[in-house]
Amino acid sequence: MLISPSILASDFSKLGEEIKSIEEAGAELVHIDVMDGIFVPNITLGAPVIRCLKGKTSLPFDVHLMIEEPIRYIDDFASAGADIITFHAEASTDVAATINKIKSAGCKPAVAIRPSTPADVVFPYLDSLYMVLVMTVEPGFGGQSFMSETMPKVKEVREEISKRKLKTHIQVDGGIDDRTAAEAVKNGADILVAGSYIFKADDRKSAVELLKTV
Ligand code: DX5
Ligand code: ZN
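Residues numbered from 1 in each chain as written. Chains lettered and ligands numbered in written order. Predicted model: local features only at pLDDT ≥ 70, side-chain atom pairs only at ≥ 80, totals over all residues. Heavy atoms only, no water.

Details of the sheet that holds strand 4 (residues 84–88)
Strand pairing in a sheet takes place through backbone hydrogen bonds and is either antiparallel or parallel in direction.
No. 1: Taken in spatial order, the eight strands of this open sheet run 1-8-7-6-5-4-3-2, and their pairing is parallel. Edge positions in the open sheet fall to strand 1 (2–5) and strand 2 (30–35), since each of these has one partner strand only. For this sheet, the mean angle separating the axes of adjacent strands, direction not counted, is 25 degrees.
No. 2: Alignment of strand 2 against strand 3 (residues 61–66), held across six bridges, turns out to be parallel. When the bridges of strand 3 are listed, V34 appears paired with L65. (Pairing = 2+ DSSP bridges. Helix = DSSP H or I, 4+ residues; strand = E, 2+ residues; numbered from the N terminus. Axes fitted to C-alpha atoms, helices over the stretch in contact; angles between N-to-C directions.)

Structural notes on the site of ligand 1
No. 1: The local shell around ligand 1 holds 20 residues, among which D33, G140, D173, G195 and S196 are the closest.
No. 2: Between ligand 1 and the protein, one listed contact pairs an oxygen atom with a backbone N or O atom of G140 at 2.8 Å.
No. 3: In the model, an oxygen atom of ligand 1 is placed 2.7 Å from a nitrogen or oxygen of the G195 main chain.
No. 4: In isolation ligand 1 has 380 Å² of accessible area, and contact with the protein removes 99% of it.
No. 5: The greatest single-element share of the shell around ligand 1, amounting to three residues, is contributed by strand 2.
No. 6: Split into classes, the residues belonging to the shell around ligand 1 amount to eight nonpolar, ten polar and two charged. (Near = heavy atom within 4 Å. Polar contact = N/O pair within 3.5 Å; in protein donor to acceptor, adjacent residues only side chain to side chain. Areas by Shrake-Rupley, 256 points an atom, 1.4 Å probe, with all protein chains shown as cover. Nonpolar A, V, L, I, M, F, W, Y, C, P; charged D, E, K, R; others polar.)

Some words on the nonpolar core
No. 1: Grouped together as the largest cluster of nonpolar side chains are 59 residues, with contacts concentrated most on I7, I32, V34, I50, V63, F77 and V157.
No. 2: Excluding residues within four positions of it along the chain, F77 makes contact with V34, G46, A47, I50, V63, L65, I67, A82 and I85. (Core = buried A, V, L, I, M, F, W, Y, C linked by side-chain atoms within 4.5 Å. Buried < 20%, exposed > 50% of the residue type's maximum accessible area, 1.4 Å probe, protein only. Contact = heavy atoms within 4.5 Å.)

Some points on the pairing of strand 8 (residues 191–194)
No. 1: Burial along strand 8 is two-sided: the face carrying I191 and V193 and the face carrying L192 and A194 are both buried.
No. 2: Where strand 1 lies against strand 8, four bridges are found, and the strand directions are parallel. Looking at the pairing, I3 lines up with L192 of strand 8.
No. 3: Between strand 7 (residues 169–173) and its parallel partner strand 8, the chain crosses via helix 6 (residues 178–186), and the hand of that crossover is right-handed. (Right-handed = clockwise from strand over helix to strand, strands pointing away.)

So, the coordination of the zinc ion (ligand 2)
No. 1: Those protein atoms acting as donors to the zinc ion (ligand 2) are H31 (NE2), D33 (OD), H64 (ND1) and D173 (OD), and they sit at 2.1 to 2.3 Å.
No. 2: Seen from the zinc ion (ligand 2), its six donor atoms lie at angles of 70 to 170 degrees, and the figure they make is octahedral.
No. 3: Written as a sequence motif, the donor arrangement for the zinc ion (ligand 2) is H-x1-D-x30-H-x108-D. Placement of the pair is D33 in strand 2 and H64 in strand 3, with a sequence separation of 31 residues.
No. 4: Under the relative-accessibility criterion, H64 is labelled buried at 0%. (Donors = N, O, S within 2.8 Å, 3.2 Å for Na, K, Ca; no water. Tetrahedral: all angles 85-135°; square planar, octahedral: opposite > 155°, others 65-115°.)

Describing the packing of aromatic side chains
No. 1: Evaluated as defined, the whole model comprises zero aromatic pairs.
No. 2: Between K54 and the ring centre of F61, over which it is positioned, the NZ or CZ distance is 4.3 Å. (Phe/Tyr/Trp six-rings, centres within 6.5 Å; stacked < 30°, edge-to-face > 60°. Lys NZ or Arg CZ within 6 Å of the ring centre and 35° of its normal.)

Thoughts on the pattern of salt bridges
Close approach of charged atoms allows side chains of opposite charge to pair.
No. 1: Counting across every chain of the model gives eleven salt bridges.
No. 2: We note a salt bridge from D127 to R164, for which the minimum N-O separation is 2.5 Å. Linking D127 in the loop between strand 5 (108–113) and strand 6 (131–135) with R164 in the loop between helix 5 (151–163) and strand 7, this pair joins segments that are 37 residues apart in sequence.
No. 3: Residue classification places D127 among the exposed positions, given a relative accessible area of 53%.
No. 4: Here R164 falls in the partly exposed class, since its relative accessible area comes to 28%.
No. 5: Notably, a salt bridge pairs K163 with E160, separated by 3.4 Å at the nearest N-O pair. One end of the pair is K163 and the other is E160, both in helix 5 and three residues apart, which spans about a single turn.
No. 6: Looking at K163, the relative accessible area reads 62%, which means it is exposed.
No. 7: Residues joined by salt bridges that share partners form a network here, namely D127, E160, K163 and R164. (Salt bridge = Lys/Arg side-chain N within 4 Å of Asp/Glu carboxyl O.)

Encoded structure:
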């Protein structure tokens, strides 16, 4: 189980310290939500901010792009320090080319699907992916409620990965806490993103530990 706290729920005026605190809390990755105001109705941050954060931690950067035609910006995010680059199947006119671009830039590719997108959209690419992100809320905002109806998709993707004997990870993102994490893990998720649950916790270390043991 890998825990990837989403900095969307952190204090943006002290991002460096916030990231340090989740590293000390035992998280394995840092989840960075990039939104363009077009693919989703919200704008967050871009490559220049990521570049500044790179020196503040040794944790790998798990960059979740919620932007239209992400292929245009892969080189930017790779050179800023992204380790995993996730983009949305719905936002890309050429998913295979985008995956290849991420790989040639030296990063690990992942494809995300919104709650209404069927699981089999990612099947043609499974063999070349580091990870599939099954969104458990509508992308765009932190602090929303987990959608249990996405769980059959997690199961479907897990079954396909097992059938093909792949090592592809399944990440879930949105509304994750100790209760919903248990449900996602039971269905086959192995990387958990949590924003509010970790950053709003009184004790971030216990929150991370609790997620690891669900
Ligand atoms: C939503 C983002 C999530 C979000 C999760 O579009 O992709 O990463 O920050 O936040 P919580 O855990 O608060 O639902
Ligand atoms: Zn995210």
